[in-house]
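Chain by chain, the residues run as shown.
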Amino acid sequence: MRRLLFIFYLSLFTFHLSLLTSCTQRVENPVALDRLPDIYPDYIGVTIPAEIAPLNFNLQSSIFNLQCDLVDVVVRGSKGGELHTQGDYADFDVKDWHELTARNKGGELTFTVCVRQDGQWNQYKDFKVYVSDYALDEWGLTYRRIAPGYEVYSKMGLYQRDLATFDEYAIIENTQVPGMCVNCHTAHQTDPSKFVFHVRGGHGATMFQTDGQREWLKAKNDLLGGSMVYPYWHPNGEYCAFSTNQTRQGFHVIRNERVEVFDLSSDVFVYHPATHEILTDSLLQTKDWSENAPVFSPDGRSLYYMTSRQQEYPEHYREEKYNLCRIAFDPQTGRFGDRVDTLFNAVAMGKSLTWPRPSYDGRYIMFTLMDYGYFSIWHNESDQWLLDLQTGEAREMKEINSDKADSYHNWNVNSHWMVFTSRRDDGLYTRLYLASIDDKGRLSKPFLLPQRNPQEYYSKSLYSFNTPDFTKTKVDFDAYEAGIEIASYKRVDTKVK
């Protein structure tokens with residue numbers, strides 16, 4: 001009886017093994033092609049953190065050439081380990097991928113790609129991907145997904161993505177409250193235990209969540225003349241900087257330009273959540289200048305922001321050009337300094353600066369440079385720049401820029417990884433790219449945020465990504481209760497100090 005059972009289980013095992021083997025076709029006598037594979041996304045030569053999700057890719061010939069009926073990929077690590085996948089596209093097992101990247105941290109991965117066409121195997125030249133020594137030190141990303149329209153929000157919301165996998169989770173969506181738009185979100189130095197975002201619409205508010213406790217601030221303070229947008233936390237977590245903006249948009253009537261966004265007025269201030277006080281200063285709320293997009297320095301002793309001389313809008317919208325400025329801030333007293341310094345004079349270059357973001361180690365400020373204005377997502381000429389705070393020198397980040405709009409950006413907590421948006425893929429939709437910077441300021445080739453089936457995902461997606469940021473843990477947010485609270489009109493008043 002035992003012998004019969006043994007034979008039965010052995011036969012069953014052999015049957016399943018034969019099924020598994022039959023699903024994988026052996027690559028035999030491949031013809032060597034003297035060119036690299038044309039893959040989407042372009043991951044050839046990129047540098048990745050060991051913790052990133054698998055770099056799944058589609059072969060362009062398998063997308064446009066029906067004769068390409070099978071893709072075979074082998075990945076070998078310079079420090080050992082091997083990974084194999086075969087199918088319609090390169091689809092790596094998540095667990096196996098992370099075992100390989102962890103083993104090859106500081107090394108490289110060599111990809112061998114073969115395709116079968118009309119029964120014949122062809123083998124492309126190998127390409128490499130480099131696994132960085134720098135840890136990611138983050139759980140994932142937060143971002144807004146929104147249809148690239150102008151007036152109608154459609155379905156949109158704030159989302160978070162586990163960077164080690166392909167899992168995405170909604171933080172809050174506008175379908176919970178009719179007419180709601182959510183934007184301008186940020187965490188305290190990537191720690192979502194302190195989290196803030198702004199709600200526009202008839203149920204407008206600014207939401208502060210600290211250790212799971214939420215407060216909904218009144219959307220506008222009449223003494224400010226507007227609402228609280230573009231937030232940025234102080235390093236000690238006791239303050240949050242904002243600007244208040246009277247935003248308008250206009251539409252171009254010339255080819256290749258669609259929308260222009262400008263401010264009739266804007267000012268900068270700091271909010272103290274513990275007392276609900278708004279801290280202002282006459283140097284940050286001037287009549288003839290627009291102050292905008294404030295951020296604190298990593299030591300908490302300075303407030304950076306951008307400023308432009310007010311123009312007659314919309315006639316002179318092209319004259320709206322911003323410089324990068326700095327004012328001292330005392331976190332003990334909540335008081336500002338008595339002078340404003342210009343850190344980068346973009347106007348002298350005939351340009352405009354927007355979205356300053358200091359690295360958390362205090363070495364750099366990354367910003368976007370464009371011809372005029374500050375809504376860089378509508379400007380194809382917008383590029384990323386880097387200001388070295390040690391030397392005072394600024395340079396274009398040519399290694400990561402493209403001929404399309406490169407815009408919103410943020411740093412990870414160890415200041416070696418950055419995320420930014422770009423329209424380089426199709427010129428219409430903003431998508432998320434990551435890149436690294438080493439101790440000598442050298443930048444790596446950026447790579448598109450990985451997806452399970454990237455060609456299918458990005459070709460079918462009707463949404464743009466914007467305002468991305470890293471998050472060290474998953475954002476714990478009760479969207480159902482938050483929706484009830486938004487609809488309740490219950491708000492906390494703020495007071496101007």
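S.K.: Could you clarify how one ought to interpret the overall build of the chain in this entry?
M.R.: Check the secondary structure of the chain and you find five helices and 36 strands. Counting all 497 residues of the chain, 54% fall into the buried class. Within the chain, residue pairs in contact and separated by at least 24 positions form 57% of the contacts whose partners lie at least 6 positions apart. In the structure as shown, the chain presents an accessible area of about 22,500 Å², 49% of it carried by carbon and sulfur atoms.

S.K.: Hey, could you run me through the sheet that holds strand β26 (residues 335-344) in this one?
M.R.: Paired through their backbone hydrogen bonds, the strands of a sheet run either parallel or antiparallel. Taken in spatial order, the four strands of this open sheet run β23-β24-β25-β26, and their pairing is antiparallel. Unpaired on one side and paired on the other, β23 (289-296) and β26 mark the two borders of the sheet. Strand after strand, the sheet turns through a mean of 30 degrees between neighbouring axes, direction not considered. As paired elements, strand β25 (residues 323-330) and β26 share six bridges and run antiparallel to each other. In the strand pairing of β26, Phe329 is matched with Phe336.

S.K.: Just checking my understanding: could you explain the pairing of strand β10 (residues 140-146) for this structure?
M.R.: Along any regular strand the residues' side chains alternate between the sheet's two faces. By the criterion of burial, β10 is predominantly enclosed, with seven of the seven residues buried. Every second residue of β10 is oriented toward a common face, with Gly140, Thr142, Arg144 and Ile146 on one face and Leu141, Tyr143 and Arg145 on the other, all of them buried. Two elements, β10 and strand β11 (residues 157-162), share six bridges in a ladder whose sense is antiparallel. Across the sheet, Arg145 pairs through a bridge with Gly157, a residue of β11.

S.K.: Please explain the pattern of salt bridges as it appears in this structure.
M.R.: Where charged atoms from two side chains of opposite charge approach closely, those side chains can pair. Counted under the stated rule, the structure contains 19 salt bridges. With a shortest N-O distance of 3.8 Å, Asp403 and Lys404 are connected by a salt bridge. For Asp403, a relative accessible area of 59% gives the class exposed. Three or more residues joined by partner-sharing salt bridges are found here, namely Asp425, Asp426 and Arg431.

S.K.: Explain the confidence of the model for the chain to me, please; I cannot follow it from the model alone.
M.R.: Across the chain, the average pLDDT comes to 89, with 87% of residues at or above 70. This model gives residues 1-22 a pLDDT under 50, and the stretch forms zero contacts once residues within four places in sequence are excluded. This model gives residues 62-66 a pLDDT under 50, and the stretch forms six contacts once residues within four places in sequence are excluded.

S.K.: Before we go on, may I ask you to explain the sheet that holds strand β16 (residues 213-218) in this structure?
M.R.: Read from one edge of the open sheet, four strands run β13-β14-β15-β16, paired in antiparallel fashion. Across the chains shown, the open sheet's two edge strands, defined by having one partner strand only, are β13 (181-188) and β16. Geometrically, the sheet is characterised by an average inter-axis angle of 20 degrees between neighbouring strands, direction not taken into account. Where β13 and strand β14 (residues 191-200) come together, six bridges link them in antiparallel fashion. The partner of His188 across the bridge, within β14, is Asp191. Against the sheet, helix α5 (residues 479-487) makes contact with β14 and β16, and its axis sits at roughly 25 degrees relative to β16, the strand it touches most.

S.K.: Explain the nonpolar core to me, please; I cannot follow it from the model alone.
M.R.: Grouped together as the largest cluster of nonpolar side chains are 93 residues, with contacts concentrated most on Phe57 and Phe111. The element best represented in this core is strand β28 (residues 364-370), accounting for five residues. Setting aside its immediate chain neighbours within four residues, Phe57 contacts Ile39, Tyr40, Pro41, Tyr43, Val73, Tyr89, Ala90, Phe92, Phe111, Val113, Phe127 and Pro454. In this structure, Met156, Val199, Val475 and Ile486 belong to the second largest nonpolar core, which totals 21 residues.

S.K.: I keep staring at the side chain of Thr142 and nothing clicks. Help me out?
M.R.: Among the secondary structure elements, Thr142 is positioned in strand β10. When sequence neighbours within four positions are dropped, the list of residues in contact with Thr142 reads Tyr159, Gln160, Ile171, His185, Thr467, Pro468, Asp469, Thr471 and Val475.

S.K.: Any chance you could explain the environment of Lys472 here in plain terms?
M.R.: Following the sequence through the fold, Lys472 ends up in the loop between β35 (464-471) and α5. A residue is classified by how much of its surface remains accessible, and Lys472, at 44% relative accessible area, is partly exposed. C-alpha separation for the pair Lys472 and Leu136, spaced 336 residues apart in sequence, amounts to 9.4 Å. Apart from residues no more than four positions distant in its own chain, Lys472 is found in contact with Asp137, Glu138, Trp139, Thr190, Asp191 and Pro192.

S.K.: Where do I start with the packing of aromatic side chains in this structure?
M.R.: Any aromatic ring pair is given by two values, namely how distant the centres are and how the planes are angled relative to each other. Summed over the entire model, instances satisfying the criterion amount to 26 aromatic pairs. Seen in terms of ring centroids, Phe92 and Trp97 are 5.4 Å apart; in terms of plane orientation they differ by 35 degrees. Their pairing is tilted. The residues Phe92 and Trp97 share a single accessibility class, namely buried. When the centroid spacing of 5.2 Å and the interplanar angle of 85 degrees are considered together, the rings of Tyr239 and Phe329 count as edge-to-face. Of the two residues, Tyr239 sits in the loop between β19 (229-233) and β20 (240-251) while Phe329 sits in strand β25, which places them 90 residues apart along the sequence.

What counts and what doesn't
The residue numbers shown here count from 1 along each chain, following its written sequence. The model is predicted, so local features are restricted to residues of pLDDT at least 70 and side-chain atom pairs to those at 80 or more, both for listing and for counting; the totals for chains, interfaces and linings are taken over all residues. Side-chain descriptors were evaluated using all non-hydrogen atoms of the structure, hydrogens and water having been removed beforehand. By definition, any uninterrupted DSSP run of H or I lasting at least four residues is a helix, any uninterrupted run of E lasting at least two residues is a strand, and each is numbered from the N terminus. Burial classes follow relative accessibility: with a 1.4 Å probe on protein chains only, a residue under 20% of its type's maximum area counts as buried, one over 50% as exposed, and anything between as partly exposed. Contact criterion: two residues are considered in contact whenever any of their non-hydrogen atoms come within 4.5 Å of each other. Note on areas: Shrake-Rupley with a 1.4 Å probe; residue coverage comes only from the protein chains shown. Whether two strands pair depends on DSSP finding at least two bridges between them. An axis is simply a line fitted to the C-alpha atoms; with a helix, the fit covers only the stretch in contact. Between two such axes, the angle follows the N-to-C directions and lies from 0 to 180 degrees. For this analysis, a salt bridge means a side-chain nitrogen from Lys or Arg found within 4 Å of a carboxyl oxygen belonging to Asp or Glu. Confidence of the predictor at the level of single residues is given by pLDDT, which spans 0 to 100. Buried Ala, Val, Leu, Ile, Met, Phe, Trp, Tyr and Cys residues form a nonpolar core when they are joined through side-chain atoms within 4.5 Å. Planes of paired rings set the category: under 30 degrees apart is stacked, over 60 is edge-to-face and the rest tilted, where pairs are Phe, Tyr or Trp rings (Trp by its six-membered ring) whose centres lie within 6.5 Å.

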